[in-house]
Amino acid sequence: MRQSDVIVIGGGFAGLTAAAVAAKRGKTVTVLSKGVGTLTISGGTIDLLGCGSDGRPFASPAAGLALVDPDHPYSKIGKEAVQAAVDFFLDLCETAGFPYRGNLQEMKWIPTAAGTIKPTCLVPKTMDTAPLAETDMVYAVGFHCLKDYYPHIVAKNLQKLPGYDKTYHIAMVDPRFTAGRDVSALDIARWLDTESGRQDCIEQLRNTVKPGAVLLLPPVLGTRPDYQVLQELEQAVRCRIIETVALPPAMTGFRLRNLLLDHLKSAGVRIVEQAFVAKAIVENGRCLAVVTQNSDRERSYSAQAFILANGGFYGGGLLAEPGKAVEPIFHLPVKAPASQTQWSNPRLFSREQQPFAKIGIAVDSTLRPLAENGSLALENVYIAGRSLAGYDFCFEKSGNGVALASGYQAAMMV
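Residues numbered from 1 in each chain as written. Predicted model: local features only at pLDDT ≥ 70, side-chain atom pairs only at ≥ 80, totals over all residues. Heavy atoms only, no water.

**Quick notes on the layout of surface pockets**
(1) Moving on: Of the voids in this model, the second largest pocket is the one considered here, and its volume is about 280 Å³.
(2) Moving on: Residue lining of the second largest pocket: 18 residues in total, with Asp71, Lys335, Lys358, Ala389 and Gly390 positioned closest to the centre.
(3) Moving on: Looking at the lining of the second largest pocket residue by residue, the class counts come to 11 nonpolar, two polar and five charged. (1 Å grid on protein atoms, 1.4 Å probe; cavity = no way out; pocket = protein on both sides within 12 Å on 5 of 7 lines; lining within 4 Å. Points joined across faces, edges and corners; volume = space filled by probe spheres on them. Nonpolar A, V, L, I, M, F, W, Y, C, P; charged D, E, K, R; others polar.)

Structure (C-alpha cells):
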C-alpha cells in the first residue's frame with residue numbers, strides 16, 4: 001500500500017491546484033488521474049463569476065461574490081479564500097514565466113470564435129484585449145483548413161459590439177498541411193512551435209497586414225507555457241496579437257495544464273496516470289485508503305486526507321442512474337431535485353439556469369461532505385471542483401474559478 005499525506009483524486013484544474021497548494025504546505029501528495037481533465041477542453045481562462053442567476057453580467061467578479069446564494073461554493077469558501085486562491089495562482093504563473101493578467105475588481109470581456117464576447121477574470125497575455133484601444137485597424141486572421149474557425153464571422157459580428165467597432169480586414173495563413181484531413185488548433189500550434197513554421201507564418205502575415213494593427217487569431221500561439229511565439233510574431237510583423245476563445249482542443253488550457261504539471265513534478269508531487277479509482281476503504285467515518293482498479297490488478301493508496309476533484313457528470317465524478325444521481329467512490333449523498341423531470345430546463349438557451357448543473361455534493365465550510373441529515377459524512381475527505389453542489393458553471397461563467405478556489409481551500413484544510 002502506498003502512503004501519502006494527501007491523495008488528490010482527479011487531474012483537472014481543481015485537482016492540480018489542490019496538489020500544488022498542498023505541496024507548497026509541505027505535504028507529500030499523490031495525484032490519481034484517470035484522464036487529462038477538462039482544461040484542454042474548457043480553456044485556460046479563469047472565469048471567476050460573470051453573471052448572476054438572472055443572466056445579467058456583474059460589473060466585476062468581486063461584485064458578484066457579494067451576491068451569491070448561501071449554498072453556492074463561493075459562500076462556503078469565503079471571499080478572503082477566493083482572493084487568496086487568485087493570488088496563489090497569479091504568483092505561480094508569474095514564477096513559472098507565464099504571467100496571467102486580471103484581478104477580482106475587473107471584468108474582462110474577451111472575443112470568441114463566434115464573434116461574441118464573454119466575461120472572464122484572469123487571462124494569459126495572449127488574450128489581453130488592451131491593445132484594441134490603441135488602434136482602429138483589426139485583422140481577423142484565419143488558417144487554411146483549420147476546422148470550425150471562420151475569420152469573416154469573427155469580424156462581421158465583433159464590429160457590431162461596443163469596444164470592438166473597428167475597421168476589420170481578413171488575413172489568411174496557409175500552414176501548407178497536405179495530409180488531407182481536418183486541421184485542429186493543436187496542429188497549428190505545433191507548427192508555430194517550430195522555427196520554420198514561425199518564419200513561414202511571419203512572411204505570410206508581412207505580405208498581408210499593415211504595421212500598427214491588431215491581429216485576432218484563434219488560440220494557436222504554441223503549445224508551451226511561455227510567450228515566445230507571441231513575442232516573435234508581434235516583433236516581426238509590428239502588430240499586437242490577441243487570441244480568441246475557440247472550440248476544443250483549447251490550446252490556452254493545454255499550456256496551463258503543462259505549466260501545472262511541470263510545477264507539480266518540480267515540487268515532488270507523484271502523479272499516477274490512467275488510475276481509475278473504483279472504491280474507498282472507510283472505517284468509523286474516516287477514509288483509510290482508495291483502491292484503483294486497472295486491467296492488471298487492484299492497488300491501494302492510503303493517506304491522512306483525500307481531496308475528491310474528479311469532476312461532475314461530464315468527468316465521471318457523478319453518475320446519473322434511474323431516479324437518482326450517485327457519487328461512485330465514497331457513495332456520498334448527492335443533492336438533486338426529487339424527480340428527474342425537474343432536472344432540466346427545456347429551454348436550453350434561456351435566462352434560466354439548468355437544475356442538473358447544480359446537482360452535486362453538499363459540503364460544510366471546510367468543504368467536507370455532508371450526510372443527508374446535515375451531519376459530517378466523512379472526517380478526512382474534501383470536495384473540490386465540479387462535483388460541488390449549488391452552481392451552474394456554464395450559465396454564470398464560473399467553471400475554472402470554482403475549481404481554483406475550491407482546490408485551493410480544500411488543500412488549505414488538509
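**Brief notes about the side chain of aspartate 364**
(1) Moving on: Tracing the chain through its elements places aspartate 364 in the loop between strand E16 (324–326) and strand E17 (381–383).
(2) Moving on: One polar contact links the side chain of aspartate 364 to the main-chain amide nitrogen of arginine 368, over a distance of 3.0 Å.
(3) Moving on: Residues contacting aspartate 364, with those up to four places away along its chain left out, are Lys76, Leu370 and Leu376. (Helix = DSSP H or I, 4+ residues; strand = E, 2+ residues; numbered from the N terminus. Polar contact = N/O pair within 3.5 Å; in protein donor to acceptor, adjacent residues only side chain to side chain. Contact = heavy atoms within 4.5 Å.)

**Considering the nonpolar core**
(1) Moving on: Phe143, Leu215, Val290, Ile307 and Phe330 are the most contacted members of the largest nonpolar core, which totals 126 residues.
(2) Moving on: The biggest single contributor to this core is helix H1 (residues 13–24), with nine residues.
(3) Moving on: In contact with leucine 215, not counting residues within four places along its chain, are Tyr139, Val141, Leu205, Val209, Val237, Cys239, Arg240, Ile241 and Ile242. (Core = buried A, V, L, I, M, F, W, Y, C linked by side-chain atoms within 4.5 Å. Buried < 20%, exposed > 50% of the residue type's maximum accessible area, 1.4 Å probe, protein only.)

**Considering the pairing of strand E10 (residues 240–243)**
(1) Moving on: With four bridges connecting them, strand E9 (residues 214–217) and E10 associate as parallel partners. The residue of E10 that forms the bridge with leucine 215 is isoleucine 241.
(2) Moving on: Crossover connection from E9 via helix H9 (residues 228–237) to parallel E10: handedness right-handed. (Pairing = 2+ DSSP bridges. Right-handed = clockwise from strand over helix to strand, strands pointing away.)

**Overview of the packing of helix H5 (residues 79–95) against helix H12 (residues 399–413)**
(1) Moving on: Close contact between H5 and H12 brings their axes to 9 Å; oriented N to C, the two are set at 100 degrees. The orientation of H5 relative to H12 falls into the category roughly perpendicular. Together, Ala81, Val82, Ala84, Ala85, Val86, Phe88 and Phe89 of H5 and Leu404, Ala405, Tyr408 and Gln409 of H12 make up the contact between the two elements.
(2) Moving on: Partitioning the contact of H5 with H12 into residue classes produces 10 nonpolar, one polar and no charged. (Axes fitted to C-alpha atoms, helices over the stretch in contact; angles between N-to-C directions. Parallel < 35°, antiparallel > 145°, perpendicular 65-115°, else oblique.)

**What to know about the packing of helix H7 (residues 185–193) against helix H8 (residues 195–206)**
(1) Moving on: For the pair H7 and H8, the least separation of the axes is 5 Å and the interaxial angle reads 100 degrees. By the angle between their axes, H7 is roughly perpendicular relative to H8. Here H7 contributes Trp191, Leu192 and Asp193 to the contact with H8, which in turn contributes Glu195, Gly197, Arg198, Asp200, Cys201 and Gln204.

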